[in-house]
Each structure stands twice: as C-alpha cells, then as structure tokens.
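The primary structure of each chain is shown beneath.
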Amino acid sequence: VDEIFNKRKQFLSPSMLYFYNKPLNIVHGKMQYLFDESGRRYLDAFGGIATVSCGHCHPEVVDAIVNQTNKLQHSTILYFNHAIADFAESLTSKLPGDLKVVFFTNSGTEANELAMMMARLYTGSHDIISLRNAYHGNAAGTMGATAQCNWKFNIVQSGVHHALNPDPYRGIFGSDGKMYAKDVQDVIQFSTSGQVAAFISEAIQGVGGIIELAPSYLSTVYSSIKEAGGLCIADEVQTGFGRTGSHFWGFENQGVVPDIVTMAKGIGNGIPLGAVVTTPKIAEVLTRRNYFNTFGGNPVCSAAGLAVLRVIEKEKLQENAHAVGSYLKERLTALKDKHEIIGDVRGRGLMLGVELVSDRQQKTPAKVEILHLMDQIKGMGVLIGKGGFYGNVFRITPPLCFSREDADFLVDVMDYAISKM
Ligand code: PMP
C-alpha cells in the first residue's frame, strides 16, 4: 500500500480521493466480496456506486467480455457490428414510451453532456435547470449542472440554474414535493426568458447523500418544464438497472416518463460505458452535423452490457434489490431508534443512506464520527461509502447480489461500531 501511495503521489493527479486512514489495496473481486493484497476478504456494500450491478467479476459478464475481445475490439464508427445493435435493442426494451434511440458513450459525464446538448439543440433554448446538491459530471456543461461547491471549479458554466432541493430531511418544505416544485416555476419566471432547454435530475441523489426527491416532485416539475418548452432529463447513472428494487429505473418511482434518460456505472458492471436514450424525434437533432464517439458502445463494452441485462433478468437482481433492500432498511431504521447519532435512514432498494448527526434537533453533521466509524467498520470486514454535502452520510449501494445474511452482517457490524464509540 505504501509503495502505491508514493507512486500515486509522484505520478498521478494530486487531487486524490480515497477512503480510510490506511487506504486499501484491493486485488481481487468475487460477487459481493473484495480481497486485499493479504487475501483478507471484505463484504463490499459500496461497489454499486463504482458500477458493479451483477457482482464483481460475474462469470457470465467476464465470459462475454473475453469472447468478444478474442473476436474483435474496435471503434464503433465506420463498420457495422452485431454487438452494439443487439445491445441497443435490448436496452430500449427496458424503457417506457417512445424512448427508443440510444447513443453510447464511455461515461456518465459524457452521457449528460450529450443529453444537455441535444435538449439545447432540440428546443433552441439555452437555460437548463438542475437541483442544488446534484452531481451530474465534471466536464464544463455537467459541472454547471452539478450543484455542490465540493465538485465545482471556477470555470465558465453558462446557462444553468439550480432549484431548491426537494430534500425531505433538510429541506424547508419537508416532504411536500409540490412546494419545492414551485421553485422551479419561479426559476423559469425570474431567471430565464420563460423558455428553457431542460430540467435534469437524479431520482435519488447519490453523491449528494442518498436523497430521495420528495413525493410528487418530479411529476409537478415535469409539467412546468413542458409548459416552458423544455425537455426532462433523468440521470439514471446511479439509480438505474434495478437498483431501487421496486422499479428498473429511478424515475419510475415518481411515475414520470422523461424525454431523455442518461445512464452509466451499473450498465456495464465495471466496464466503462454510458448511454443516452431518447425519442426518435429528439434524436433527429444530431443528423444536422456528423456526430460520433470513437469508443462509445464498442463491441467489448456492448457485449458486457448485453450480458449485464441478461444476468439482471436471469438472477432476478431487481427483485433481490427490493427484498434485501427493504429488509436492510428496516434493520437500519431499527438501529436509528437505538443510536442518537443516526439522524435519518432513507433510500430505496439497494441504494440506502444513513445520515449521522451529533445533535438530532440541530441536525449537526457528524463529520468526524463518520470517519472513525468507517475505519472501524472496515476493520470488521465491511466496506461502505460515505457522501452528502457535509460528508456525514453512509452510502450503502452494494452489488445487487447482496444477500439477507450480508445485510444482517452489515447492520450488526455498524451497530457494534457505533455502540463502541
Ligand atoms: N451522474 C451521476 C448521478 C453520478 O453519480 C455520476 C458519477 N458519480 C455521474 C453522472 C458522472 O459519471 P462519470 O463519473 O462516469 O462521468
């Protein structure tokens, strides 16, 4: 670990982001487990964030990647190939309405950049509305849509306005989605010409600390945006592919159908892949010029993506996310009754958050305590994430094969660590 640390310091970006006092050197993964250099096994309750939907090194996904690599790996431009066409067909079968045209990218940032550009081209408007506390990427456009100073640099990010976050725990209107939605109406009226290009949001904010948008929020906002001539973009980079359990896509939990859906992470089970899915009518804007992405949807990544869809279906991973996630949330909620430091337990399926506060009334973020607890939990063999604007929210997003026994182990370990503190 020390040797890697020194090399990273010398040869890699000085902007390092890593967990734990003593970072882990992970050398091997198998389903919901990760192994360090000494062979020690960890239960991975955060791999979902870093793209693993089916489980680390899922044999069927690995086989698909190896077989396609042995056959051909190439750019997606110029020649035809079955892998990309089959994957696009299969992917659109999972989407509602007229969402039938796919553009593949290599990351979530690229997908959101493309979605925002398409909305601007289609509507002829420039203004985009996103939510405070959102994360949508780190290129110029998506950094504009991202709304947390933690992730923003002072470069030109024109035409993006940030509306009040419909955060049931910390927001001023509690769980009243319709009240927050009024702020979008205000932004349209006071900050734009009255016409907008798009509204973009996650259904559950991931980086923002597992914040589930207040009920009825999206349906109300989508109406306002449509009235202002804009398109609605759902960023499903974290919430897609069955993670929320009850539905395949996060937006379905709010009963809306977006005009554009973006995805990445879980789509490839660890392979760099992203996608934008939209309607034929909106997709048409890209025929005005040449448009391509050298590696977006390349044969190897497409083969992986197709295998992921197959595995999610075959192994009923969405159903598992629902069953295990509901059970895990119940157990975490019970833990809240036991420990003052837990201010809130939230999320859906296998996308759960536990917010730590040092004072429940004031909701004072327990920033120091969470670091201590994460190290203790790691010491007992469980890896969980953290996030939120104040960095005080445990993020629990395991591979979707996470079992009830894993859930029990995770909660018992968390309980023990908090009790000992
Ligand atoms: N959207 C959301 C909701 C994300 O969480 C992320 C990454 N954390 C992105 C977009 C950007 O994806 P990528 O890092 O693949 O560019």
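Caption draft 1: Structural view of the site of the ligand. The local shell around the ligand consists of Ser-107, Gly-108, Thr-109, Asn-112, Tyr-135, His-136, Glu-202, Val-207, Asp-235, Val-237, Gln-238 and Lys-265. Measuring from an oxygen atom of the ligand, one finds a backbone N or O atom of Gly-108 at 2.9 Å. Here a nitrogen atom of the ligand and a side-chain polar atom of Asp-235 are 2.7 Å apart. Relative to its unbound accessible surface of 390 Å², the ligand loses 82% to contact with the protein. The greatest single-element share of the shell around the ligand, amounting to three residues, is contributed by helix H4 (residues 108-123).

Caption draft 2: A look at the sheet that holds strand S2 (residues 33-36). With mixed pairing, the four strands of this open sheet are ordered in space as S1-S2-S3-S16. Strands at the two margins of the open sheet, each flanked by one partner only, are strand S1 (26-30) and strand S16 (382-383). Relative to S2, S1 runs antiparallel, the two sharing four bridges. Its bridge partner lying in S2, Ile-26 is registered against Asp-36.

Caption draft 3: Fine view of the domain arrangement of the chain. Split into domains, the chain comes out as domain 1 (2-54 + 316-420) and domain 2 (59-314). Relative placement of domain 1 and domain 2: their C-alpha centres are 25 Å apart. Of the residues lining the interface, 39 residues belong to domain 1; the matching set on domain 2 comes to 38 residues. When the two sides are added together, the surface that domain 1 and domain 2 hide from each other amounts to roughly 3100 Å², 55% of it contributed by carbon and sulfur. Its largest share of buried area at the contact with domain 2, domain 1 owes to Gln-318, Arg-348 and Met-351, together 24% of the area lost on that side. Remark: the boundary between domain 1 and domain 2 carries two salt bridges. Between Arg-348 and Glu-212 there is a salt bridge; the shortest N-O distance is 2.6 Å. Our count for the contact surface shared by domain 1 and domain 2 stands at 22 residue pairs in polar contact (both at pLDDT 80 or more). Broken down by secondary-structure element, the contributors of at least two residues to the side of domain 1 that touches domain 2 are helix H10 (317-338), strand S13 (342-348), strand S14 (351-359) and strand S18 (393-396). Broken down by class, the residue content of the side of domain 1 that touches domain 2 amounts to 18 nonpolar, 13 polar and eight charged.

Caption draft 4: Here's a closer look at the packing of helix H2 (residues 59-71) against helix H9 (residues 299-314). Contact geometry of H2 with H9 gives a least axis separation of 8 Å together with a crossing angle of 155 degrees. Viewed along their axes, H2 and H9 adopt a mutual orientation that is roughly antiparallel. Pair H2 / H9 crosses with right-handed handedness. Contacts between H2 and H9 pair Glu-60, Val-61, Ala-64, Ile-65, Gln-68 and Thr-69 from the former with Pro-299, Val-300, Ala-303, Ala-304, Ala-307, Val-308, Arg-310, Val-311 and Lys-314 from the latter. For the contact of H2 with H9, a count of residues per class yields 10 nonpolar, two polar and three charged.

Caption draft 5: Structural view of the pairing of strand S5 (residues 128-131). Of the two faces of S5, the one lined by Ile-128 and Ser-130 and the one lined by Ile-129 and Leu-131 are each fully buried. Sheet topology places S5 next to strand S6 (residues 160-163); four bridges connect them, and they run parallel. By the bridge assignment for S6, Leu-131 is matched with Ala-163. Handedness of the S5-helix H5 (residues 140-145)-S6 crossover: right-handed.

Caption draft 6: Main features of the pattern of salt bridges. Scanning the entire structure with this criterion turns up 11 salt bridges. Between Glu-313 and Lys-94 there is a salt bridge, and its shortest N-O distance comes to 3.2 Å. With Glu-313 in helix H9 and Lys-94 in the loop between helix H3 (82-92) and strand S4 (101-105), this pair connects stretches of sequence that are 219 residues apart. A residue is classified by how much of its surface remains accessible, and Glu-313, at 52% relative accessible area, is exposed. If you follow the salt bridges from partner to partner, you end up with Arg-170, Asp-344, Arg-346 and Glu-355 in one network.

Caption draft 7: Structural context of the packing of H10 against helix H12 (residues 404-420). Their axes nearest at 9 Å, the elements H10 and H12 cross at an angle of 15 degrees. Considering their axes alone, H10 and H12 lie roughly parallel with respect to each other. Crossing hand, H10 versus H12: right-handed. Residues Val-324, Tyr-327, Leu-328, Arg-331, Leu-332, Leu-335 and Lys-338 of H10 form the contact with H12, whose participating residues are Arg-404, Ala-407, Asp-408, Leu-410, Val-411, Asp-412, Met-414, Asp-415 and Ser-419. Of the residues assigned to the contact of H10 with H12, the class counts are nine nonpolar, one polar and six charged.

Caption draft 8: Representation of unusual backbone geometry in the model. The backbone of Tyr-20 sits at a positive phi, close to 80 degrees, despite the residue not being glycine. With respect to the secondary-structure elements, Tyr-20 resides in the loop between helix H1 (2-11) and S1. Phi at Met-31 takes a positive value of approximately 50 degrees, unusual for a residue other than glycine. With respect to the element layout, Met-31 can be found in the loop between S1 and S2.

Caption draft 9: Molecular detail of the sheet that holds strand S7 (residues 198-201). Reading across from one edge, S4-S12-S11-S10-S7-S5-S6 is the order of the seven strands in this open sheet, with mixed pairing throughout. Bordering the open sheet on either side are S4 and S6, each of which pairs with just one other strand. This sheet shows a mean twist of 20 degrees between the axes of neighbouring strands, independent of strand direction. Pairing geometry for S5 and S7, over three bridges, is parallel. Bridge pairing links Ile-128 to Ala-198 in S7.

Caption draft 10: Here's a closer look at the packing of aromatic side chains. Evaluated as defined, the whole model comprises 14 aromatic pairs. Here the aromatic rings of Phe-199 and Tyr-217 are separated by 6.4 Å at their centres, their planes lie at 55 degrees, and the arrangement is tilted. Highlighted residues: Phe-199 in strand S7 and Tyr-217 in helix H7 (residues 217-227), separated in sequence by 18 residues. A relative accessible area of 0% places Phe-199 in the buried class. Given a relative accessible area of 0%, Tyr-217 falls into the buried group. Across the ring face of Tyr-33, the terminal group of Arg-41 is positioned such that the distance to the ring centre comes to 4.0 Å. Lying across the ring of Tyr-327, Arg-404 places its NZ or CZ 3.8 Å from the centre.

The rules behind the values
- Residues numbered from 1 in each chain as written.
- Predicted model: local features only at pLDDT ≥ 70, side-chain atom pairs only at ≥ 80, totals over all residues.
- Heavy atoms only, no water.
- Near = heavy atom within 4 Å.
- Polar contact = N/O pair within 3.5 Å; in protein donor to acceptor, adjacent residues only side chain to side chain.
- Areas by Shrake-Rupley, 256 points an atom, 1.4 Å probe, with all protein chains shown as cover.
- Helix = DSSP H or I, 4+ residues; strand = E, 2+ residues; numbered from the N terminus.
- Pairing = 2+ DSSP bridges.
- Domains from an automatic or database assignment.
- Contact = heavy atoms within 4.5 Å.
- Buried area = accessible area lost by both parts, 1.4 Å probe.
- Salt bridge = Lys/Arg side-chain N within 4 Å of Asp/Glu carboxyl O.
- Nonpolar A, V, L, I, M, F, W, Y, C, P; charged D, E, K, R; others polar.
- Axes fitted to C-alpha atoms, helices over the stretch in contact; angles between N-to-C directions.
- Parallel < 35°, antiparallel > 145°, perpendicular 65-115°, else oblique.
- Left-handed = near helix turned anticlockwise from the far one by under 90°.
- Buried < 20%, exposed > 50% of the residue type's maximum accessible area, 1.4 Å probe, protein only.
- Right-handed = clockwise from strand over helix to strand, strands pointing away.
- Phe/Tyr/Trp six-rings, centres within 6.5 Å; stacked < 30°, edge-to-face > 60°.
- Lys NZ or Arg CZ within 6 Å of the ring centre and 35° of its normal.

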